[in-house]
Amino acid sequence: MNKPRWRAACYCGAASLLCSAAPRGFMHCHCGQCRRLSGAAFSSWLSLPAEDVQIAGQAALREYRPTANGQRFFCAQCGSHLYTVDARLPEIIGVPAGAVLATEAGGPAIEDWPTASGHYFCSDGAPWVAFASDGLPRFGGPEGMTALDA
């Protein structure tokens with residue numbers, strides 16, 4: 001059996017990444033930074049093991065440092081956010097789930113996707129969105145990680 005290949009790419013294809021290892025996590029983030037970067041109510045993220053990630057087209061990428069610990073990399077040509085690193089978790093590459101390519105384009109099969117661990121930074125969520133009743137735990141508070149009552 002082949003291991004799933006996690007492929008992600010910017011919209012124009014100038015930059016991409018590949019990871020053959022399984023994700024270490026999958027979550028939905030409702031923080032203001034993710035909302036502004038994605039233009040959506042929340043962002044869904046895969047945590048990929050950094051030692052197993054290869055990045056192609058690095059010259060097309062630009063870096064944005066929204067915090068002292070965070071670095072976000074996006075394509076200078078099309079503006080797509082491709083990945084994030086956090087100095088506090090150097091073993092992880094955060095990849096927006098929307099950048100992961102579909103199975104027919106070399107991405108993983110739907111059955112290989114992990115189940116999301118929960119919704120994080122819910123206290124900072126968009127006031128115009130009602131949370132789905134998806135059964136996932138919710139977290140919030142100042143650090144975004146405190147368990148909230150459903």
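The residue count restarts for each chain, going from 1 along the sequence in the order it is written. Two thresholds apply to this predicted model, a pLDDT of at least 70 for residue-level local features and 80 or more for giving and counting side-chain atom pairs, whereas whole-chain, interface and lining totals are computed over all residues. With hydrogens and water stripped out, all remaining heavy atoms of the structure feed into the side-chain values.

A.B. asks: Quick question: what am I supposed to make of the sheet that holds strand S1 (residues 6-9) here?
C.D. replies: One key point about sheets: their strands pair by backbone hydrogen bonds, in either a parallel or an antiparallel sense. Pairing between two strands requires that DSSP report at least two bridges joining them. Here a helix means four or more residues in a row that DSSP labels H or I, a strand means two or more in a row labelled E, and each is numbered from the N terminus. An order of S1-S2-S5 is seen for the 3 strands of this open sheet, with the pairing classed as antiparallel. Each having just a single partner strand, S1 and strand S5 (53-56) make up the two edges of the open sheet. The mean inter-strand angle of the sheet, taken between neighbouring strand axes irrespective of direction, is 15°. Fitted lines through C-alpha atoms serve as axes, helices being fitted only where they are in contact, and the angles separating the N-to-C directions of these axes extend from 0 to 180 degrees.

A.B. asks: Mind showing me how you'd approach the pattern of salt bridges here?
C.D. replies: Side chains that differ in sign of charge can pair as their charged atoms come close. Any Lys or Arg side-chain nitrogen found within 4 Å of a carboxyl oxygen on Asp or Glu counts as a salt bridge. Scanning all chains against the criterion turns up 3 salt bridges. Measuring nitrogen to oxygen at the nearest pair gives 2.9 Å for the salt bridge that ties Arg 24 to Glu 51. Separated by 27 residues along the polypeptide, Arg 24 in the loop between strand S2 (16-19) and strand S3 (25-29) and Glu 51 in the loop between strand S4 (43-49) and S5 bring together distant segments of the chain. Taking relative accessible area as the criterion, Arg 24 reaches 46% and is therefore assigned partly exposed. Take Glu 51: its relative accessible area is 55%, and that puts it in the exposed class. Only protein chains enter the accessibility calculation, which uses a 1.4 Å probe; a residue is then buried when its area is under 20% of its type maximum, exposed when over 50%, and partly exposed in between.

A.B. asks: So what exactly am I meant to see when it comes to the side chain of Thr 84 here?
C.D. replies: Structurally, the position occupied by Thr 84 is in strand S8 (residues 81-86). On the basis of relative accessibility, which here comes to 15%, the residue Thr 84 falls in the buried class. In the analysis that follows, any N or O atom pair within 3.5 Å is treated as a polar contact, provided that within protein one partner can donate a hydrogen and the other can accept it, and provided that, for residues neighboring in sequence, both atoms belong to side chains. Among the polar contacts listed, one links the side chain of Thr 84 to the side chain of Arg 72, at a separation of 3.4 Å. Side chain to side chain, Thr 84 and His 81 meet in a polar contact 2.9 Å long. Leave out the neighbours within four places in its chain, and Thr 84 touches Trp 45, Gln 71, Arg 72, Ile 92, Ile 93 and Gly 94. Whether two residues are in contact is decided by their heavy atoms: any pair within 4.5 Å suffices.

A.B. asks: Can you walk me through the packing of aromatic side chains in this structure?
C.D. replies: Only Phe, Tyr and Trp rings take part, Trp by its six-membered ring, and two of them pair if their centres are within 6.5 Å. Stacked means planes under 30 degrees apart, edge-to-face means over 60, and tilted covers everything else. Here the structure, examined in full by the defined rule, presents 4 aromatic pairs. With centroids separated by 5.5 Å and ring planes inclined at 65°, the aromatic side chains of Phe 26 and Trp 113 adopt a geometry described as edge-to-face. Here Trp 113 lies in the loop between strand S9 (92-96) and strand S10 (119-120) and Phe 26 lies in strand S3, a separation of 87 residues in the sequence. Judged by centre distance (4.5 Å) and plane angle (5°), the rings of Tyr 120 and Phe 139 are stacked. Here the residue Tyr 120 occupies a position in strand S10, and Phe 139 occupies one in strand S11 (residues 139-140), the gap between them amounting to 19 residues. Residue class for Tyr 120 comes out buried when judged on its relative accessible area of 13%. A residue is classified by how much of its surface remains accessible, and Phe 139, at 16% relative accessible area, is buried.

A.B. asks: Help me understand the nonpolar core in this model?
C.D. replies: Generally speaking, soluble globular proteins have nonpolar side chains that are buried together. Residues Leu 17, Leu 48, Leu 82, Tyr 83 and Val 95 are the most contacted members of the largest nonpolar core, which totals 24 residues. Only S1, S2, S4, strand S7 (70-75), S8 and S9 provide two or more residues apiece to this core. Considering every element that reaches this core, the biggest residue donor is S8, with 3 residues. Filtering out sequence-adjacent residues up to four positions away, Leu 17 remains in contact with Trp 6, Arg 7, Ala 8, Leu 48, Val 53, Gln 54, Ile 55, Leu 82, Tyr 83 and Val 95. Among buried residues, those of type Ala, Val, Leu, Ile, Met, Phe, Trp, Tyr and Cys that are joined through side-chain atoms within 4.5 Å constitute a nonpolar core.

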